[in-house]
Amino acid sequence: MAKIGDTLVCPVCGEKFTASSTRQVYCSSACRFGSKFSSPHEKKKRRAPGYTIEEISRAARRAGLSYGDYVARVGL
Ligand SMILES: [Zn+2]
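Residues numbered from 1 in each chain as written. Predicted model: local features only at pLDDT ≥ 70, side-chain atom pairs only at ≥ 80, totals over all residues.

> Go over the environment of Ala-2, please, and point to the residues and values.
If you trace the backbone, Ala-2 turns up in the segment before β1 (7-9). Separated by 18 residues in sequence, Ala-2 and Ser-20 place their C-alpha atoms 9.4 Å apart. When residues no more than four places from it in sequence are discounted, the contact partners of Ala-2 are Leu-8, Ala-19, Thr-22 and Gln-24. (Helix = DSSP H or I, 4+ residues; strand = E, 2+ residues; numbered from the N terminus. Contact = placed C-beta atoms within 7 Å.)

> Let's hear about the packing of helix α2 (residues 53-62) against helix α3 (residues 67-74): which residues, and what values?
Working note: a packed helix pair is described by the angle between its axes plus the distance between those axes. Running from amino to carboxyl end, α2 crosses α3 at an angle of 90°, the nearest separation of the two axes being 9 Å. The pairing of α2 with α3 is recorded here as roughly perpendicular in orientation. Along the contact surface, α2 presents Ile-56, Ser-57, Ala-59 and Ala-60, while α3 presents Tyr-67, Tyr-70 and Val-71. (Axes fitted to C-alpha atoms, helices over the stretch in contact; angles between N-to-C directions. Parallel < 35°, antiparallel > 145°, perpendicular 65-115°, else oblique.)

> Explain α2 residue by residue, including any values.
In terms of residue burial, α2 counts as a barely covered element, since only 0 of its 10 residues are buried. A positive backbone phi angle near 75° is found at Gly-64, which sits one or two residues after α2. (Buried ≥ 20, exposed ≤ 12 C-beta atoms within 10 Å, placed from the backbone.)

> Residues and numbers for the environment of Val-74, please.
Take Val-74: it is sitting in helix α3. Val-74 sits in the partly exposed class, given 13 other C-beta atoms within 10 Å. For the pair Val-74 and Ala-60, spaced 14 residues apart in sequence, the C-alpha separation works out to 9.7 Å.

See below:
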């Protein structure tokens, strides 16, 4: 369980935030509600912070994999 002041990563938007309660999981109420009520249309593909889709697909091509295979293999 998180401690107050811990740096956590929001499972919805991937942003880092500082826990202000031991039960905090999401960075904001928008993300908390978004995780329950988000429509499939709004669901964003998770990707590693700091990498653009182009960078990942370029790396995938270098590795001889499709984008999806590469992401699954690397665990992004
Ligand atoms: Zn968030």
